[in-house]
Amino acid sequence: MRHIRHHLKKCRLFSDMDDRQIHQVLQGLHYRVSAFSREQMVASEGATCMHLGIIMTGEVSIQRIYQSGRTLTVDRLRAGDIFGEVIIFSGHRRYPATITAADDTRIMFIDRDEVVKLCYSHPRFLDNFLGMLSEKILTLNRRVKFLSQPTIRSKVISYLLHEAQQQETPELQLAGSRGDLASELGIPRPSLSRELGKMKKEGLIDFDRHWVLILDLEAMEQSQKE
C-alpha cells in the first residue's frame with residue numbers, strides 16, 4: 001500500500017493529504033489497479049463508464065477514431081491525471097472517446113459508489129473533487145474559446161494571449177510539445193508550425209521548442225478585436 005500512497009500524492013484528488021490521511025482513505029476503499037501494455041486499449045468510445053480512473057504510472061492517449069481509420073489524439077494523460085470523473089455522474093455514462101495506453105501504464109479504478117462514499121466520509125477529498133470538477137469546466141470553456149476561433153492564426157493568438165495573462169509575462173513557457181499544442185487548438189501540427197513561422201517573420205513573436213516570446217502584444221490584441 002505504501003507504493004500506492006506514493007503515486008496518489010501526485011493526484012489532485014489527494015492534494016494536501018499526508019500519508020496518514022491517504023492511508024485512512026485506502027483502508028476503507030474498494031478499488032483495483034490494472035496494468036496495460038503500450039497501445040493496449042483501456043476503454044473504447046461508446047463503452048459504459050462505471051469507474052473513475054487514476055493514472056498511477058505511464059501515460060494514456062484520448063483519441064477519436066473515425067470510420068475512415070483516421071485517428072485524432074485529443075489529449076494525453078500522465079501520472080496523477082484522472083479520467084471518467086465527470087462521466088460517471090452523468091445520465092449518459094458513455095466514454096466520448098477511446099482511451100489507449102501510450103506506454104506501459106498502471107491505472108487505479110474506483111467505482112461511482114465508492115467515490116460517493118469518499119465524498120461523504122472525507123471532507124478534504126470532497127473539496128479536492130469539487131475543485132477538480134471546477135477546473136475541468138474552466139479548461140473545457142477555454143478550449144471551446146480556442147476552437148471557436150475562425151482561423152488558425154486567431155486560434156494561436158487567442159491561446160498566446162490567454163497564456164500571457166495567466167503567466168503574467170510575454171515570455172511564455174510551453175507546458176507540452178508542439179504536437180500537444182496543436183491538439184489543444186484542434187489544428188494539424190504542420191499548420192501550427194507554418195503559422196508560428198509566419199508570425200515570427202512578421203515580428204509578432206519569437207519562439208523555440210519550449211517557449212514563445214510575444215514581441216508585439218498590441219498588434220495581437222488588436223487582431224482579436226477585428
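Residues numbered from 1 in each chain as written. Predicted model: local features only at pLDDT ≥ 70, side-chain atom pairs only at ≥ 80, totals over all residues. Heavy atoms only, no water.

As for the overall build of the protein
Within the protein one finds 8 helices and 11 strands. If one aligns the C-alpha atoms of the protein with their principal axes, the spans along those axes are about 60 × 40 × 30 Å. Taken over 226 residues, the protein has a buried fraction of 40%. If you take every contact in the protein between residues at least 6 apart in sequence, the share linking residues at least 24 apart comes to 70%. As displayed, the protein offers around 12900 Å² of accessible surface, 49% of which is attributable to carbon and sulfur atoms. Distance from the positive charge centre (32 side chains) to the negative charge centre (29 side chains) of the protein: 5 Å. (Helix = DSSP H or I, 4+ residues; strand = E, 2+ residues; numbered from the N terminus. Buried < 20%, exposed > 50% of the residue type's maximum accessible area, 1.4 Å probe, protein only. Contact = heavy atoms within 4.5 Å. Areas by Shrake-Rupley, 256 points an atom, 1.4 Å probe, with all protein chains shown as cover. Lys, Arg positive; Asp, Glu negative; His and termini not counted. Charge placed at Lys NZ, Arg CZ, Asp CG, Glu CD.)

Side note on the pairing of strand β8 (residues 105-111)
Two faces belong to every sheet, and in a regular strand the side chains alternate between them. Burial within β8 is extensive, with 5 of its 7 residues counted as buried. Both strand β3 (residues 51-57) and β8 contribute to a ladder of 6 bridges, which runs antiparallel. Paired with His51 across the strands is Asp111, a residue of β8. (Pairing = 2+ DSSP bridges.)

Overview of the sheet that holds strand β6 (residues 82-83)
Taking strand neighbours across the sheet as the criterion, the 4 strands line up as β1-β8-β3-β6 in an open arrangement whose pairing is antiparallel. Only two strands of the sheet have a single partner each, and these edge strands are β1 (32-36) and β6. Lying over the sheet, helix α3 (residues 112-121) contacts β3 and β8, oriented at roughly 75 degrees with respect to β8. (Axes fitted to C-alpha atoms, helices over the stretch in contact; angles between N-to-C directions.)

Focus on unusual backbone geometry
Positive phi is not limited to glycine here, since Glu39 has a value of about 75 degrees. Following the sequence through the fold, Glu39 ends up in the loop between β1 and β2 (41-43).

A short note on the pattern of salt bridges
Where charged atoms of side chains with opposite charge meet at close range, the side chains can pair. One pass over the full model with this rule turns up 13 salt bridges. For Glu195, the salt bridge identified is with Arg153, shortest N-O distance 2.7 Å. Linking Glu195 in helix α7 (residues 189-201) with Arg153 in helix α5 (residues 152-167), this pair joins segments that are 42 residues apart in sequence. By relative accessible area, which is 11% here, Glu195 ends up buried. (Salt bridge = Lys/Arg side-chain N within 4 Å of Asp/Glu carboxyl O.)

Observations concerning empty space enclosed by the protein
Tallied over the entire structure, the rule returns 1 cavity of 30 Å³ or more. Within this model, the largest cavity holds a volume of roughly 60 Å³. Looking at the lining of the largest cavity, the elements with two or more residues in it are α5 and α6 (178-185). Across the lining of the largest cavity, the residue classes break down as 9 nonpolar, no polar and 2 charged. (1 Å grid on protein atoms, 1.4 Å probe; cavity = no way out; pocket = protein on both sides within 12 Å on 5 of 7 lines; lining within 4 Å. Points joined across faces, edges and corners; volume = space filled by probe spheres on them. Nonpolar A, V, L, I, M, F, W, Y, C, P; charged D, E, K, R; others polar.)

Considering the layout of surface pockets
Taken as a whole, the largest pocket encloses approximately 1700 Å³ of empty space. If you go around the largest pocket, you meet 44 residues; those closest to its centre are Asp75, Arg76, Leu77, Lys136 and Thr139. Contributions of two or more residues to the lining of the largest pocket are made by β4 (59-65), β5 (71-78), β6, α4 (123-147), α5 and α6. If you tally residues by element for the lining of the largest pocket, the top one is α4, at 9 residues. For the lining of the largest pocket, a count of residues per class yields 19 nonpolar, 11 polar and 14 charged. Here the second largest pocket defines a volume of roughly 180 Å³.

Describing the nonpolar core
Core analysis: the largest hydrophobic core is formed by 39 residues, its most contacted members being Leu8, Leu13, Phe14, Ile54, Phe83 and Phe125. Contact partners of Phe125, with chain neighbours within four places excluded, come to Leu13, Phe14, Met17, Val115, Leu118 and Cys119. Tyr159, Ala164, Leu172 and Ile205 belong to the second largest nonpolar core, which has 22 residues in total. (Core = buried A, V, L, I, M, F, W, Y, C linked by side-chain atoms within 4.5 Å.)

A short note on the sheet that holds β4
The strand order across the open sheet built from 4 strands is β2-β7-β4-β5, with neighbouring strands paired in antiparallel fashion. Whereas interior strands pair on both sides, the edge strands pair on one side only; in this sheet they are β2 and β5. When the angles between neighbouring strand axes are averaged without regard to direction, this sheet yields 35 degrees. Of the pairings in the sheet, the one linking β4 to strand β7 (residues 98-101) comprises 4 bridges and is antiparallel in character. Paired with Val60 across the strands is Ala101, a residue of β7.

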